[in-house]
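# Structural overview
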Amino acid sequence: MMTASLRQGDGFAGRADAVYETLIRAHQTLSDEESAALNARLVLILANEVGDPAVLEQAIALARRSLRPADPDHARP
Amino acid sequence: MSHGLSQNPRFSSAPMHEPTGGSRRRPVVVIGAGPVGLTCAIDLATRGVPVVVLDDDDTVATGSRAICWAKRTLEIWDRLGIGQRMVDKGVTWSVGRVFHGEQELYRFDLLPETGHRRPAFINLQQYYVEEYLIARAADFPELIELRWKHEVTDLTRTAEGVRLAVATPDGATTLDAEWVLAADGARSPTRTRMGLPFPGQRFEERFLIADVRMKADFPTERLFWFEPTFHAGQSALLHRQPDDVFRIDFQLGPEADPELERQPERVMPRVRAIVGEDTPVSLEWCSVYSFRCARLERFVHGRVVFVGDSAHVVSPFGARGGNGGIQDADNLCWKLALVLRGEAPESLIATYDEERGHAADENILNSSRTTNFMTPKTRAERHLRDGVLDLAAEAPFARSLLNAGRLSRPCSLAGLSLQTPDPVPQAAGPRPGDVCVDAPVVDAAGRAGWLLDSLGGSFTLLVFAGAGAPDPSRLSGLPPGLRCVVVAGRPLALPGAEVLPGAEVLPGTEMLLDAEGVAGLRYGAGSCAAYLIRPDAHVAARFAEIDGQRVTEALARACGRSVTSAQEAA
Ligand SMILES: Cc1cc2nc3c(=O)[nH]c(=O)nc-3n(C[C@H](O)[C@H](O)[C@H](O)COP(=O)(O)OP(=O)(O)OC[C@H]3O[C@@H](n4cnc5c(N)ncnc54)[C@H](O)[C@@H]3O)c2cc1C
């Protein structure tokens, strides 16, 4: 069976800078704790947008692979 | 009637007179007279199998244990002739509400349609459940021997079966059994004695569970609060029970001191915070629990079969413990009866392990997900959990992530070895492995009744007659002795004669009238001519048209008599 795969190419269609700016702006005026809360909510909202748990798994795997070794929470699966 | 420790009914039994040397081998001995052991005994008795039940105590469950009994459990107890008594005494509910603080986030209805005999759930104290099962067992004096104060102290597996050492009020004795059902609960001494590991997950969180008696007007619904305003902890749950008793669960956190927290002077202020100062309240029972999810790797060990909590335990959110155990009994007993009668090979018992092991995994998965949602363990988990709660008020998708308990539903056995692959996968209705759904029908005597009353007990071919009567020549090619229930949308006309509900199309055929057309719809009668129903009311096979050969093969397979194995089903 074919499983849907995570888009790794550029999906921003020329608006990447604007998207990045939007993400940064979302955290303006927030404390670190509030930012963490905001990120969790964004993840939930975007996970629903993605829907497919298999695609989500791939996204999580990519994110974890990209963690910097110095990061205290770093752990490879 | 109050059920404080001293008021429980006490039972006694005459001394067991065993011929010395254990010359009389019992077909089945059940260890433990909890809800699961008692249900096994009654089920076996309805199949004519004599059973001895040994219990180390002489009374019913004390204090706060199972209260929520699911539709499926009630249907099983209906088959055993004790469902109505449970429903008459219990309080019926199907709606759950989930709050965050004071705000209601959502409400769910577990049975939003009519046309079912039984409700989604009843609440009934476990001591009543056991009392009624004990009373029902007494209807089989020739077949069920209930032995109180009989503690199994040792177990040896022999070539012919199992030998039990039993401590009785009259001294020690031994008992030989062909089969032993270990229904001796979560701490199963049998499990320990056999050295079987019980791996799983333990949750650190502590919960105060209190049963209080009061006249209060809380609705008969499952009320669940995250971060309640009346309790400083993470969650609370409230259920109405019979006799004006309410069950309240308070989540206390992992640090709570169980000894301290169960003191009435600590408990009552928590209760008061919910019910107010003015309502008279008395504390019936309370305890502080932590929970685990665990299971035996295998439920069948030679002639010793584990059922109920001895085989698997779950946290109680979802009411999957007792309800799962009753389904164990339902799954095992017909198989055991067939094997004892020599009508199925002993290997059929291995499918109990396959099927109920699958169910246990499902129950453990669901109940541990709920417990994890309720007890976030890191800051990241906490942010996700709180995010779900805060989003749920506004965004419907977040309500589906909100997990305040996924309540017990009948497990599907689809794809497992006894079931014949589905020839009509697109058709509506239960698939092979699913449990049969109920529907209103008119029975042979013209009385309004329920489809499920005619299914289960023995293998049954459920035939949907369509516009005309099923062709008798097709029915006559069926395996001899197979029960046949024909459901017709209107009184049937056979060639030459009108056949009314109640008349027999063929000898041994029961006719039901689907007056409202609900049964036909729920079973996809347009594309499915017949269903082969197992004695536990799960579908073994279904057929686009009746074909004696196919039915015979499916029946052999469902009895474990054919060589077709799990690989083919997969
Ligand atoms: C707080 C709480 C709430 C719960 N709520 C629910 C709910 O709402 N719905 C639900 O479905 N489930 C619920 N459960 C789970 C439910 O109570 C159990 O799943 C159920 O009792 C299991 O039944 P059982 O017959 O397997 O074992 P038990 O009820 O534990 O019975 C075992 C029996 O074996 C006997 N025994 C033990 N050792 C021996 C021996 N050596 N010789 C002879 N006899 C012996 C014991 O005396 C006992 O009578 C709840 C549990 C708890 C703790």
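Check the entry above for the structure.
First, a word on scope: everything that follows refers to the structure included in this document. (Residues numbered from 1 in each chain as written. Chains lettered and ligands numbered in written order. Predicted model: local features only at pLDDT ≥ 70, side-chain atom pairs only at ≥ 80, totals over all residues. Heavy atoms only, no water.)

### Examining the site of the ligand
All names here are of chain B. Neighbouring residues of the ligand: 32 residues in total, closest D55, D56, C68, D309 and N323. Interatomic distance of 2.7 Å between a side-chain N/O atom of D55 and an oxygen atom of the ligand. Contact between the ligand and V152: a nitrogen atom at 3.0 Å from a main-chain N or O atom of the residue. In isolation the ligand exposes 1000 Å². Once the protein is present, 88% of that is buried. Among the secondary structure elements, those contributing two or more residues to the shell around the ligand are α1 (35-46), β9 (151-157) and α8 (321-340). Here the shell around the ligand is built from residues that sort into 14 nonpolar, 11 polar and 7 charged. Two domains each put at least three residues into the shell around the ligand: domain 1 (26-90 + 111-197 + 293-366) and domain 2 (200-292). (Near = heavy atom within 4 Å. Polar contact = N/O pair within 3.5 Å; in protein donor to acceptor, adjacent residues only side chain to side chain. Areas by Shrake-Rupley, 256 points an atom, 1.4 Å probe, with all protein chains shown as cover. Helix = DSSP H or I, 4+ residues; strand = E, 2+ residues; numbered from the N terminus. Nonpolar A, V, L, I, M, F, W, Y, C, P; charged D, E, K, R; others polar. Domains from an automatic or database assignment.)

### A few points about the interface of chain A and chain B
Listed as interface residues are 8 residues of chain A and, on the opposing side, 10 residues of chain B. Both sides together, the interface formed by chain A and chain B hides about 850 Å², and carbon and sulfur atoms give 69% of it. On inspection of chain A and its partner chain B, the count reaches 2 salt bridges. Linking chain A to chain B there are 3 residue pairs in polar contact (both at pLDDT 80 or more). Tallied by class, the residues present in the side of chain A that touches chain B amount to 5 nonpolar, 1 polar and 2 charged. (Contact = heavy atoms within 4.5 Å. Buried area = accessible area lost by both parts, 1.4 Å probe. Salt bridge = Lys/Arg side-chain N within 4 Å of Asp/Glu carboxyl O.)

### Quick look at the packing of aromatic side chains
Residues and elements named next belong to chain B. Going through the model one piece at a time under the given rule, you end up with 20 aromatic pairs over all chains. Seen from their ring centres, W225 and F230 are 4.9 Å apart, and the 90 degrees between their planes marks the pair as edge-to-face. A residue is classified by how much of its surface remains accessible, and W225, at 10% relative accessible area, is buried. On the basis of relative accessible area, F230 is assigned to the buried category, the value being 17%. Relative to Y531, the ring of Y523 has its centre 5.1 Å away and its plane inclined at 85 degrees; by these criteria the two rings are edge-to-face. (Phe/Tyr/Trp six-rings, centres within 6.5 Å; stacked < 30°, edge-to-face > 60°. Buried < 20%, exposed > 50% of the residue type's maximum accessible area, 1.4 Å probe, protein only.)

### Observations regarding helix α2 (residues 32-50) of chain A
All names here are of chain A. Between its first and last C-alpha, α2 extends 26 Å over 19 residues, near the 27 Å set by a 1.5 Å rise per residue. Looking at α2, one finds that the buried residues are S35, A37, A40, R41, L44 and A47. Within two residues after α2, G51 carries a phi angle of roughly 80 degrees, on the positive side. (Expected span 1.5 Å × (residues − 1).)

### Quick look at the pattern of salt bridges
Residue and element names in this part refer to chain B. Using the criterion set out here, one finds 43 salt bridges over all chains in the structure. Between D243 and K89 there is a salt bridge, with the nearest N and O atoms lying 2.7 Å from each other. Pair noted here: D243 is in the loop between β15 (235-241) and β16 (245-253) and K89 is in helix α3 (residues 83-89), with a separation of 154 residues, a long-range link. E284 is the partner of R213 in a salt bridge, and the nearest nitrogen-oxygen pair spans 3.0 Å. In this pair, R213 is assigned in strand β13 (residues 206-214) and E284 in strand β17 (residues 281-289), connecting sequence segments 71 residues apart. We classify R213 as partly exposed; its relative accessible area is 24%. The exposure class of E284 is partly exposed, given its relative accessible area of 22%. It is possible to trace a salt-bridge network through shared partners that takes in D43, R47, K71, R72, E75, R79 and D330.

### A few points about the pairing of strand β25 (residues 483-488) of chain B
Residues and elements named next belong to chain B. In terms of residue burial, β25 counts as a mostly covered element, since 5 of its 6 residues are buried. Of the pairings in the sheet, the one linking strand β24 (residues 460-464) to β25 comprises 5 bridges and is parallel in character. Along β25, the bridge assignment pairs L461 with C484. Where β25 meets strand β28 (residues 509-513), 5 bridges bridge the pair, whose relative direction is parallel. When the sheet's bridge partners are listed, V487 is paired in β28 with L512. (Pairing = 2+ DSSP bridges.)

### Let's talk about helix α14 (residues 548-558) of chain B
Residue and element names in this part refer to chain B. Taken residue by residue, α14 has G548, V551, A554, L555, A556, R557 and A558 as its buried positions. Between the side-chain oxygen of the N-cap and the backbone nitrogen of Q549 there are 2.9 Å, and the N-cap of α14 in question is D547. The positive-phi residue at the C-terminal boundary of α14 is G560, with phi of around 70 degrees.

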